Amino acid sequence: MKVDLNFKYSELIHKLNRIKPFDCDTAITLGSGLGDFANSIDIKLSVDVKDLPGYPHSTIEGHSGKIHFAAYRQKKLVLFQGRIHFYEGYDIEKCLLPIFLARKLNCKQLLLSNAAGGISNHLAPGDLMLISSLNAIGIKKELTNFIGLSSIDQHNRFIDFPDKSMIASIKSAAAEEKIALKEGVYFFTKGPSYETPAEIRMIKISGADAVGMSTAHEAVFASVLGMRVAAISCITNYAAGIRQTKLSHSEVMETADSVKEKFERLIKKSLELI
Ligand code: HPA
């Protein structure tokens, strides 16, 4: 049986459309490293996700659940703060709800950010990596079933990710801001635990440069819904086995915090040029 997302989330969509201060054009998913982005721009309205019927609550430290509406330069933004992850026990429908809502709010473009473990030699903690392609193989079946079984208004079969013009704008923004921007392939894993060194060796052979637990399904779904999409990873740690050091969530949070200023500057300049 098809799931009619418009019907199922009609109360939520109606509420957002009623309270939104303007028509939005651009959505940003704030991952680690951009968690405080909302504090650095002019927010017109913030909604706690607890006040949104049917919206899941993130349970992770450093991921407070808010949806912000903000104007920045010519852009009308909706910011999703506090991601919904598989590793918290949510299913694909909940994980993709923010993307669906971004489309319902009329966003034509989506900028995704995340934290990722660096695998390639050219990546180190603190680097920003523009995602040149992604590997969603670990979620393909669920994603295909979900997309196939949802009645949604638009349905592009060919995934046009990343959007070429967004990539060009982000690269120009990095050059203007003198920010070193790496590029690479992002490999999705569901978690909940970080990978083993053997898994990382396998992932590396598959052609990936970095690994993380979000973004891939979001980018595919947004593209299916007809949005232009680009994504940037904040490399927060060496992936398992790349160095001798032990991985920890606090290391991820600390590195994310240290790149915050650079990451925010890159996003702001990119928004001007996109
Ligand atoms: N693996 C998976 N997800 C991550 C990592 C990692 O090393 N770092 C940040 N998110």
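Criteria and cut-off values
- Residues numbered from 1 in each chain as written.
- Predicted model: local features only at pLDDT ≥ 70, side-chain atom pairs only at ≥ 80, totals over all residues.
- Heavy atoms only, no water.
- Core = buried A, V, L, I, M, F, W, Y, C linked by side-chain atoms within 4.5 Å.
- Buried < 20%, exposed > 50% of the residue type's maximum accessible area, 1.4 Å probe, protein only.
- Helix = DSSP H or I, 4+ residues; strand = E, 2+ residues; numbered from the N terminus.
- Contact = heavy atoms within 4.5 Å.
- Axes fitted to C-alpha atoms, helices over the stretch in contact; angles between N-to-C directions.
- Parallel < 35°, antiparallel > 145°, perpendicular 65-115°, else oblique.
- Left-handed = near helix turned anticlockwise from the far one by under 90°.
- Nonpolar A, V, L, I, M, F, W, Y, C, P; charged D, E, K, R; others polar.

Q: With reference to specific residues and values, describe the nonpolar core.
A: Among the nonpolar cores identified, the biggest contains 56 residues, and Tyr55, Phe69, Val78, Ile99, Leu134 and Phe221 are the most heavily contacted of them. Take this core: its biggest share by element is six residues, from helix H8 (residues 216-224). Setting aside its immediate chain neighbours within four residues, Leu134 contacts Phe161, Val185, Tyr186, Ala216, Ala219 and Val220. Formed by 28 residues, the second largest nonpolar core is a distinct cluster that contains Met166, Ile232, Cys234 and Val259.

Q: Please provide a residue-by-residue account of the packing of helix H2 (residues 10-19) against helix H4 (residues 97-104), values included.
A: At a closest axis distance of 11 Å, the pairing of H2 and H4 adopts a crossing angle of 50°. The angle between the axes of H2 and H4 places the two elements in the oblique class. Considering how the two elements wind past one another, H2 and H4 form a crossing that is right-handed. Residues Leu12, Ile13, Leu16 and Asn17 of H2 form the contact with H4, whose own contacting residues are Leu97, Phe100, Leu101 and Lys104. For the contact of H2 with H4, a count of residues per class yields six nonpolar, one polar and one charged.

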